[in-house]
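Okay, here's what each chain looks like letter by letter:
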Amino acid sequence: MSKSPQTAEPHAKRPAQVWPAEPRPWRAAWRDRVRTLRESYAFIARNWLSTLLVWLLIGIALALPAALYVIDANLARAARDWRGSVGFSAYFEPGIDSTVPAEFAEALAQEPGVVHVELVTPDEALAEFQGRAGIGEAVAALGRNPLPATIRATVSPGIGPERLRALAQGAAASQGVDEAVVETTWLERLAAIREVAARVVGIVAALLGLGAILICSASVRLAIESRLAEVTLLALVGADKRFIRRPFFYLGVIYGSGGALVAAMLLSGSLMWLEEPLARLFASYGEGLHLAGFDPTFLLALLLCGGVLGAIGAATASHQRLKSVAYA
């Protein structure tokens, strides 16, 4: 019996070799930035004393313009509150018919910018004067009421001194009006003070902001000098300039943000120290103490400004110093 040819068994297929997946570019970039940030914090931890000094210098530089901003914000709030009760008074001729002031009050209430009109009759004015010590007896001795009818008009907060004068002049030219009195000197002075304060804030902020940039730049330059051998080696092996500058950029942002945090702490401590005497001062005028400007939005803006100033200083220092490295 002939043997059937033996069928060759097929060779088993080898499993395909699975290579580890390449990390996504954005993941690699994210891991690199996290590593760089950790190195920056490690550098700060090793040099904590010099870091505290840098934060204190930047904090002092930022605290003054921040305090001036808070002062300007409170001046603006005071102007809004006080201007709500600003107006003028129109005094009518004595003995005039009572219908004339009433009609004038109705017409004045329709004027744009006028929010409230109060008519004080001669009898009401006499009662008000008699209620004051030493005045009522003198008025009663005259045997007649010498007081004229008066209209007190209150304007809206958006009214400026020019519009207020125009309303007063129009009232003075009306029939039966003897005199219109308006006091805008204090309002003009307050507006001038606010303008001066705003310009002072801008000048001081620019000068001290430049100082904060110089402080960050000098501090980052010292950090570059301490790692100059490492930086030179990375440049020689072909590292990208952004890769080398990134740790110093983060360091500048940390310096600036930390200085802004110190500035907020200094400003908060100063306001707490001044709170009691300011509360007594406002209470003497029958008002409560409500400071404006120092809120979470202000603190966030202060931290952002500090970080930006630190980043500018770091970018300036790294660009200038690394020019001497081969690739720059």
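The structure we're discussing is the one just above.
For the structure given in this document, a descriptive report is provided here. Worth saying up front: this structure is predicted, and the values here are computed from it rather than measured.

The rules behind these values
Residues numbered from 1 in each chain as written. Predicted model: local features only at pLDDT ≥ 70, side-chain atom pairs only at ≥ 80, totals over all residues. Heavy atoms only, no water. Pairing = 2+ DSSP bridges. Helix = DSSP H or I, 4+ residues; strand = E, 2+ residues; numbered from the N terminus. Axes fitted to C-alpha atoms, helices over the stretch in contact; angles between N-to-C directions. Contact = heavy atoms within 4.5 Å. Core = buried A, V, L, I, M, F, W, Y, C linked by side-chain atoms within 4.5 Å. Buried < 20%, exposed > 50% of the residue type's maximum accessible area, 1.4 Å probe, protein only. 1 Å grid on protein atoms, 1.4 Å probe; cavity = no way out; pocket = protein on both sides within 12 Å on 5 of 7 lines; lining within 4 Å. Points joined across faces, edges and corners; volume = space filled by probe spheres on them. Nonpolar A, V, L, I, M, F, W, Y, C, P; charged D, E, K, R; others polar. Polar contact = N/O pair within 3.5 Å; in protein donor to acceptor, adjacent residues only side chain to side chain.

Here we look at the sheet that holds strand β4 (residues 177-181)
With antiparallel pairing, four strands are arranged side by side in an open sheet as β2-β3-β1-β4. Taken across any chain shown, the strands that pair with only one partner, and hence form the sheet edges, are β2 (114-120) and β4. Strand-to-strand, the axes of this sheet are offset by a mean angle of 15°, without reference to chain direction. Alignment of strand β1 (residues 87-92) against strand β3 (residues 150-155), held across five bridges, turns out to be antiparallel. Within the sheet, the bridge partner assigned to Y91 lies in β3 and is T150. Across the face of the sheet, helix α3 (residues 99-109) comes into contact with β1, β2 and β3 while running at roughly 170° to β2.

Quick word on the nonpolar core
Of all hydrophobic cores here, the largest spans 32 residues; its most connected members are I58, L62, V220, Y255 and L302. It is helix α9 (residues 241-284) that contributes the most residues to this core, ten residues altogether. Each residue touching V220, except ones within four places of it in the same chain, is listed here: F248, G252, Y255, A314 and A317. A90, V100, I151 and L167 belong to the second-largest nonpolar core, a separate cluster that totals 19 residues.

Some remarks on empty space enclosed by the protein
Under the counting rule described, the total for this entry stands at two cavities of 30 Å³ or more. What the largest cavity holds in volume is close to 40 Å³. Around the largest cavity sit S40, F43, R227, P247, F248 and L251, which together line it. Looking at the lining of the largest cavity, the elements that each hand over two or more residues are α1 (25-46) and α9. If one sorts the elements of the lining of the largest cavity by residue count, α9 sits on top with three residues. For the lining of the largest cavity, the class distribution of residues is four nonpolar, one polar and one charged.

Structural notes on the layout of surface pockets
Picture a little ball the size of a water molecule; that probe, rolled over the atoms, points out where space is still empty. The calculated volume of the second largest pocket comes to roughly 230 Å³. If you trace the second largest pocket, you find it lined by L62, P65, A66, Y69, V201, A205, G209, F298, A301, L302, C305 and L309. For the lining of the second largest pocket, the secondary-structure elements that each account for two or more residues are α2 (48-83), α7 (185-226) and α10 (296-321). Considering every element that reaches the lining of the second largest pocket, the biggest residue donor is α10, with five residues. Grouping the amino acids of the lining of the second largest pocket by side-chain chemistry returns eleven nonpolar, one polar and no charged.

Here we look at the side chain of S219
With respect to the helices and strands, the residue S219 is situated in helix α7. Overall, the relative accessible area of 12% leaves S219 in the buried class. Here the side chain of S219 touches I215 through a polar contact of 2.9 Å, landing on its backbone oxygen.

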